[in-house]
Structure formats: structure tokens, C-alpha cells
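Summary of the model geometry
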Amino acid sequence: MNQKTMYNLTYGLFVLTSGFDGKDSGCIINTAGQVTAEPNRISIAVNKGNFTHDLVKKSGKFNISILSQEARFETFQHFGFQSGRNVDKFAGYTDCKRSGNGLYYVTAGANGYISAKVEQEVDLGSHTLFLAAVEDMEVLSDTPSTTYSYYQSHIKPKPEAPKTSGKTVWRCTVCGYIYEGEELPSDFICPLCKHPASDFEKVTS
Ligand code: FE
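If you're wondering where the values come from, they're calculated on a predicted model, not measured in any experiment.

**What about the nonpolar core?**
Counting 26 residues, the largest nonpolar core has F76, Y151, C172, L184, C193 and F200 as the members making the most contacts within it. At the level of elements, α2 (73–80), β7 (104–106), α3 (148–155) and β10 (168–172) are the ones that each hand at least two residues to this core. Ranked by residues supplied to this core, first place goes to α2 with three residues. Residues contacting F200, with those up to four places away along its chain left out, are W170, R171, C172, T173, Y177, Y179, L184, F188, C190 and H195. Grouped together as the second largest cluster of nonpolar side chains are 16 residues, L16, V56, F62 and V118 included.

**Some points on the environment of T143**
Among the structural elements, T143 can be located in the loop between β9 (127–139) and α3. For the pair T143 and Q69, spaced 74 residues apart in sequence, the C-alpha to C-alpha distance is 6.6 Å. Aside from chain neighbours lying at most four places away, what touches T143 is S68, Q69, E70 and N111.

**Points about the sheet that holds strand β12 (residues 200–204)**
If you walk across this open sheet you meet the three strands as β11-β10-β12, and the pairing is antiparallel. Pairing within the sheet leaves two strands with one partner each, and these edge strands are β11 (178–180) and β12. In this sheet, adjacent strand axes meet at a mean angle of 30° when their direction is disregarded.

**Side note on the pairing of strand β3 (residues 33–36)**
When β3 meets strand β4 (residues 41–47), the two strands line up antiparallel, connected through three bridges. Bridge pairing in β4 links Q34 to I42.

**Here we look at a nonpolar patch on the surface**
A grouping of M6, Y7 and L9 is seen on the molecular surface, where their side chains present a nonpolar patch of about 360 Å² in accessible area. By relative accessible area, L9 is classed as partly exposed at 48%.

**So, the packing of aromatic side chains**
For the coordinates displayed, the defined rule picks out eleven aromatic pairs. Aromatic side chains F79 and F90 sit 5.6 Å apart centroid to centroid with 55° between the ring planes, which places their arrangement in the tilted category. Within this pair, whereas F79 is found in helix α2, its partner F90 is found in the loop between α2 and β6 (96–98), the two being separated by eleven residues in sequence. Just as F79 is buried, F90 falls in that class too. An aromatic cluster is defined as three or more aromatic residues linked by ring pairs; in this entry it consists of F73, F76, F81, Y148 and Y151. When the ring centre of Y104 is taken as reference, the NZ or CZ atom of R98 above it lies at 3.9 Å.

Calculation notes
- Residues numbered from 1 in each chain as written.
- Predicted model: local features only at pLDDT ≥ 70, side-chain atom pairs only at ≥ 80, totals over all residues.
- Heavy atoms only, no water.
- Core = buried A, V, L, I, M, F, W, Y, C linked by side-chain atoms within 4.5 Å.
- Buried < 20%, exposed > 50% of the residue type's maximum accessible area, 1.4 Å probe, protein only.
- Helix = DSSP H or I, 4+ residues; strand = E, 2+ residues; numbered from the N terminus.
- Contact = heavy atoms within 4.5 Å.
- Pairing = 2+ DSSP bridges.
- Axes fitted to C-alpha atoms, helices over the stretch in contact; angles between N-to-C directions.
- Patch = residues over 30% accessible without salt bridge, like charges linked within 9 Å, V, L, I, M, F, W, Y side chains within 5 Å.
- Areas by Shrake-Rupley, 256 points an atom, 1.4 Å probe, with all protein chains shown as cover.
- Salt bridge = Lys/Arg side-chain N within 4 Å of Asp/Glu carboxyl O.
- Phe/Tyr/Trp six-rings, centres within 6.5 Å; stacked < 30°, edge-to-face > 60°.
- Lys NZ or Arg CZ within 6 Å of the ring centre and 35° of its normal.

This is the structure in C-alpha cells:
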């Protein structure tokens, strides 16, 4: 079995936004997809560690902003590399509007948004799978959607070679975080982007 087969699946990238009890937040996900057309339903799988996960669970509604090839790395940093538990991601953030359901969607680097209402939840352990009915949606631009591989090759800055002076370090291939040490613990979670040890590469100079 070749584990790298998974790399050949295509993934889009999205800002998932939700809100409950006066709190708004958003995070980056790559798991949105349409599952039925009549009625129109989408699914999202969200890591339970994300603050936005809890807001979706409590409010039963969310928006998906579909990121385009014009999305800037700052958008991924803003929504992906910090937690809504510590930071109000919409405080002073102007590249957004509220849709008819009262939730924010992101306007910068997004080519459309979908508003959905949760119909079913499936507990997947680390994640919850939400199945949701589409209630509203709009196209925001005709720029093609970004894929995860487009993000990796065109949006994410090329990491500079870390100054390791002969030491071995591990670099997160998602955000560039450097872990210093010969061996990366198998249960290590990137403190910036929350990706697991399998997304780190060994760098030796
Ligand atoms: Fe990372």
C-alpha cells in the first residue's frame, strides 16, 4: 500500500465561518464538498480542536468561503495559524461581510460562498462530519478555486533553508514551523497550524 496515493486526491481550501452567542470565528478547512444535488447538500469534516467546530455544533449553521488562486498567504495565516479561543479573528478584520444567516463570509481571495444549515452530525473521533443543507450561495469572482497543491506550489512562501549548522531539524510542510531535534515525537502537533507529525519533513544541513 502506497501512503502517498492520498496526495493524488484533490482538495479545495475554504474558510469555514460560524458564530454563536455573539462570538464569531473562522478556520481553514480542505474538506468541503457537495454530496447531493436535490436537495442541495454539502459536507464538511472539522477537527474538534478548532473553536469554529464548537460554534458550528452550537449554532447548527455555517458559511464556507471558497478560496481562489488570488487568496493571499496572510489569509491562511489569519484563519489557519491561530486559534479563535485566544484571538477574535474578526476584530478589525475588514475583508468580510455578513450573509443572510447573520454569519461572516470572507471576501478577499474568495470566489464564492455557501451558507448551510446542519442536518446531521457524525462523530469521527478527531473530527465531526457535518451534513448540511445549502440555504444560500453567491459567486464572488471568476478566479479559479485554489487546490491544496496550488496553495503548496504558488501561495505558500518557499521556506528558507533553516540555519541548522549541522543539526537535524524537522520542518512543517504546511506552515514552515521548525522543530529542533534529532527525532520528532510521533504524536507531535504543529503549534502553528495543528498538523500532525506526518506533515513534517526532516532537514539536515
Ligand atoms: Fe505547521
